Amino acid sequence: MKVGDKVVIRGEKNLWTVEEVFLDGNVSIKSVLTDFKMSCNPSSLEVVIPEDTQAAVEDYVFWREATEGVK
């Protein structure tokens, strides 16, 4: 997890942005909707993969399997 990642708190739908990563492993996050900030343990967060990125990954996997064969 790094600064700038978009994350959601497990079990919730609100989108947050990672603002800072602390030496103890915790992170500071800011709500995209309300600008509310808080610190939390990253184990309670999931990084959101933008749809465009996910589509690109799926296209690459399809291409690789087609050219190299499924392993």
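Look a little higher up for the structure.
The sections below set out a description of the structure shown in this document. Just so you know, these numbers come straight off a predicted model, no measurement behind them. (Residues numbered from 1 in each chain as written. Predicted model: local features only at pLDDT ≥ 70, side-chain atom pairs only at ≥ 80, totals over all residues. Heavy atoms only, no water.)

1. Concerning the overall build of the protein chain
Item 1. Per the secondary structure count, the protein chain includes 1 helix and 5 strands.
Item 2. Traced from its N-terminal end to its C-terminal end, the protein chain shows the element sequence β-β-β-β-β-α.
Item 3. In the protein chain, the proportion of contacts linking residues at least 24 apart, taken out of those at least 6 apart, comes to 25%.
Item 4. For the protein chain, the exposed area adds up to about 5500 Å²; of that, 56% sits on carbon and sulfur atoms. (Helix = DSSP H or I, 4+ residues; strand = E, 2+ residues; numbered from the N terminus. Contact = heavy atoms within 4.5 Å. Areas by Shrake-Rupley, 256 points an atom, 1.4 Å probe, with all protein chains shown as cover.)

2. Brief notes about the pattern of salt bridges
Item 1. This structure, assessed with the given rule, holds 4 salt bridges.
Item 2. Note that Asp-5 is salt-bridged to Lys-2, the shortest N-O span being 3.0 Å.
Item 3. You can call Asp-5 buried: its relative accessible area is 13%.
Item 4. The exposed category is assigned to Lys-2, whose relative accessible area is 54%.
Item 5. For the salt bridge of Lys-37 with Glu-19, the shortest nitrogen-to-oxygen distance reads 3.8 Å. Within this pair, whereas Lys-37 is found in strand S4 (residues 37-40), its partner Glu-19 is found in strand S2 (residues 15-21), the two being separated by 18 residues in sequence.
Item 6. A relative accessible area of 32% means that Glu-19 is categorised as partly exposed. (Salt bridge = Lys/Arg side-chain N within 4 Å of Asp/Glu carboxyl O. Buried < 20%, exposed > 50% of the residue type's maximum accessible area, 1.4 Å probe, protein only.)

3. Let's talk about the sheet that holds S4
Item 1. The 5 strands are arranged S4-S3-S2-S1-S5 in an open sheet whose pairing can be described as antiparallel. A strand with exactly one partner marks an edge of an open sheet, and here the two such strands are S4 and strand S5 (45-47). Direction aside, neighbouring strands of the sheet carry axes that sit 45 degrees apart on average.
Item 2. Two strands pair when backbone bridges link them, and S2 and strand S3 (residues 27-31) are joined in this way by 5 bridges, in the antiparallel orientation. Looking across to S3, one finds that Val-18 is bridged to Ile-29. (Pairing = 2+ DSSP bridges. Axes fitted to C-alpha atoms, helices over the stretch in contact; angles between N-to-C directions.)

4. Section: the environment of Lys-2
Item 1. Inspection of the secondary structure assignment puts Lys-2 in the segment before strand S1 (6-9).
Item 2. Distance in space between the C-alpha atoms of Lys-2 and Glu-20 is 7.8 Å, their sequence separation being 18 residues.
Item 3. Discounting chain neighbours no more than four positions away, the residues touching Lys-2 are Val-18 and Val-21.

5. A look at the pairing of S3
Item 1. Of all 5 residues making up S3, 4 are buried, and the element is well covered by its neighbours.
Item 2. Where S2 hands over to S3, the hairpin turn is made up of 5 residues, of which Gly-25 adopts a positive phi near 100 degrees.
Item 3. Here S3 folds back onto S4 in antiparallel fashion, the turn holding 5 residues, of which Asp-35 has a positive phi close to 65 degrees.

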